[in-house]
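Inside the fold
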Amino acid sequence: MPTVRETTYDLLRAWGLTTIFGNPGSNELPFLDGFPPDFRYVLGLHEGAVLAMADGYAQATGRPALVNLHSAAGLGNAMGNLANARACHTPLVVTAGQQTRAMIGLGSVLAEPAMTRVPEPHVKWAFEPARAQDVPRVLSEAFHLATLPPAGPVFVSLPLDDWAQEVSTDEVAHLATRRVRAAGALPPDVLADLASRLRGARTPALVVGPEVDDECAFLRAVDLAEALQAPVWTAPTPPRCPFPTRHPLWRGVLPASIAGVSEQLAGHDVVLVLGAPVFRYHAYRPGPWLPEGCALISVSSDPGNAARAAFGDAIVADVADVLAQLLGELPPAPAAPPAPREATASPDIPDTPPFPAAAVFAQLARSLPAEVRLVNESTANTSQFWDHLDLSRPRSFFFPAAGGLGFGLPAAVGVALADPGRPVLAVLGDGAVQYGVAGLWTAVQWNLPITFLVLRNGGYGALRSFVNQLGVAGAPGLDLPGIDSVRIAEGYDLPAHHITSLAELDTVLRATQPGHGPRLVEVPITAETRSLG
Ligand code: TZD
């Protein structure tokens, strides 16, 4: 009879989970024993980085990724980025090695009797198989649960003595081929009602969120906006870019406050929210939920989004399917395609550091290749970032969905691993770098086409803005003197240098190409504060 380990690798192969993101310890070594040559093991030097690499990989491919962590300690290190993955509905099968079954209850080193409680509440489901022979079926359950809407991370605890046990082929043979699918289109009456509300709207508007950022929904959302001739906003605090940013109907990102959303949507009688929570606010600025005379309907695959919203109607369904259905019900768009929106004017500044962040972002729009993917974790300047961003393809932008730092740098590694044919630019605050710095090592080892662009403003810029907004005075811990990201990168054997002119930045950005290895550049920027919603 085959072992649990052999059976598991066969199943992982059948599911396409041949890339494993991990950081090993003694509990995990029996799983890694005789690691098959058609699998690849992506080592991260800290579990926060491991989790974010897998998250970036899964978001960029649109497929689940497998994570293997070391006991409760490794799992604990990954928690911040697990929260980001949960908020972004990333399908991840997260596993951790458990002690030998006979030792779990004895308080042994690396045993955690409450292992399945460690990742709560940031997983959809957590389980430790009751017997070794259940491991393959439990992993099958985990794989399907992670993928089914609303997608998200799940957790399986795997005792180390399970791998060598034998399992009957009869028990597990069917697991490799069974298909589990969700059907998400609208029934006719619900579709007719939604289409008639849109047809009857005088001034409709769309708000799009991360569920729209896939190969089908992205293009259909453009078609729907054009068919309705409706302005489009991106939902607040976006982890993805679900609409082309130079499209003439795109109006930008909604502010992340109750009053801010209501003010922006003034004048619209029907607002259709696609694939986003209603809404993910950040700063508390109270006001009416919606402007006078405005009705809101949201469509999301997440029942939690639908139930949680404080206002508006909601439909739980697949956004890409609903878009296709609506397009069949509405008159097509006027024939002539609209002219693209003009690039936001770049500030006229001398080419000497420190630069305003807006000047750096304007340079990105001018210099980056069209197929680039962007990961952003520079928090003080997000509104300028969106003003200048020029993205027209799906799965091109990634940001920590729960607001937890430590995602961006390693997520860029996972995004590049997903498709080295699309180069990656990671825009990182000088503070953010430190939360995920271990990812630099993996980028170097895999020679990935990533440019890490560190914006050095010498502090926690976003918090300086919050200090103003919250009326806080004298808060410690906001300045970061004495960090040189170039010298840190050099310690990882990563080519790195300080940028001293925008012309030099232009050269680096243009060289962000497939086949080009990783590098890090640090750009001094001016410290600015912003309004937060
Ligand atoms: N710790 C974690 C894991 N996530 C967080 N979001 C924070 C702390 C709090 N925080 C923010 O929300 S923004 C920020 C912190 C510390 C400042 C980040 O500084 P930076 O970028 O240099 O990366 P900016 O552009 O200067 O803000």
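Let us look at the structure shown here. In this convention, every chain numbers its residues from 1, walking through the sequence in written order. For a predicted model such as this one, the threshold for reporting local features is a pLDDT of at least 70, and the threshold for listing and counting side-chain atom pairs is 80 or more; totals across whole chains, interfaces and linings nevertheless cover every residue. Just so you know, side-chain values use all the structure's heavy atoms and leave hydrogens and water out.

A word on the site of the ligand. Here, proximity means that at least one heavy atom of the residue falls within 4 Å of the molecule or strand. Neighbouring the ligand are 17 residues; T379, G431, A432, G461 and A462 lie closest to it. Within 3.5 Å is the distance limit for a polar contact, defined as a pair of N or O atoms, with the added protein rule that one can donate a hydrogen and the other accept it, and that residues adjacent in sequence qualify only through two side-chain atoms. Interatomic distance of 3.2 Å between a backbone N/O atom of G459 and an oxygen atom of the ligand. Where helices and strands are cited, they refer to DSSP runs of H or I of at least four residues and of E of at least two residues respectively, numbered from the N terminus. Here the element with the most residues in the shell around the ligand is helix 18 (residues 461–470); it accounts for three residues. Here the shell around the ligand is composed, by residue class, of seven nonpolar, nine polar and one charged. Residue polarity follows a fixed list, in which Ala, Val, Leu, Ile, Met, Phe, Trp, Tyr, Cys and Pro are nonpolar, Asp, Glu, Lys and Arg are charged, and the others, Gly among them, are polar.

This part takes up the packing of helix 3 (residues 47–61) against helix 16 (residues 408–418). Think of each axis as a best-fit line through the C-alpha atoms, taken over the contacting stretch in the case of a helix, with angles from 0 to 180 degrees between the N-to-C directions. Contact geometry of helix 3 with helix 16 gives a least axis separation of 6 Å together with a crossing angle of 40 degrees. The angle between the axes of helix 3 and helix 16 places the two elements in the oblique class. For helix 3 against helix 16, the interelement crossing comes out right-handed. Taking contact as the criterion, the partners of A49, A52, M53, G56, Y57, A60 and T61 in helix 3 are, on helix 16, P410, A411, V413, G414, V415, L417 and A418. Along the lines of polarity and charge, the residues of the contact of helix 3 with helix 16 split into eleven nonpolar, three polar and no charged. For classification, angles of less than 35 degrees are called roughly parallel, those exceeding 145 degrees roughly antiparallel, those between 65 and 115 degrees roughly perpendicular, and all remaining angles oblique. For any pair of crossing helices, the crossing counts as left-handed if the nearer helix is rotated counterclockwise from the farther one by less than a right angle, and right-handed if it is rotated clockwise. In what follows, residue pairs with any heavy atoms lying within 4.5 Å of each other are defined as contacts.

Another point: helix 7 (residues 135–147). Since the α-helix packs 3.6 residues into each turn, any two residues three or four apart lie on the same face. In this model helix 7 runs 18 Å from its N-terminal to its C-terminal C-alpha over 13 residues, within 8% of the 18 Å that 1.5 Å per residue would give. The buried label goes to any residue with under 20% of its type's maximum accessible area, the exposed label to any with over 50%, and the partly exposed label to all in between, with areas taken from a 1.4 Å probe on protein chains only. Three or more residues of helix 7 are buried, namely V135, P136, V138, L139, S140, A142, F143, H144 and A146. Where the residues of helix 7 are buried, they touch helix 1 (4–14), strand 4 (92–98), strand 5 (126–127), strand 6 (154–159) and helix 8 (169–172). One less than the residue count of a helix, multiplied by 1.5 Å, gives the span that helix is expected to have.

Turning our eyes to something else, we now look at the pairing of strand 16 (residues 450–456). Across the seven residues that make up strand 16, a large majority, six, are buried. In this structure, strand 15 (residues 424–429) lies alongside strand 16, joined through six bridges in parallel fashion. Residue pairing across strands places A426 opposite F452, the latter belonging to strand 16. Here, the term right-handed applies to a crossover whose path from the first strand over the helix to the second runs clockwise when the strands point away from the viewer. In this fold, strand 15 hands off to helix 17 (residues 439–445), which returns the chain to strand 16; that crossover is right-handed. Strands were regarded as paired on the criterion that DSSP finds at least two bridges between them. When strand 16 meets strand 18 (residues 519–524), the two strands line up parallel, connected through six bridges. Opposite F452, over in strand 18, you have L520 as the bridge partner.

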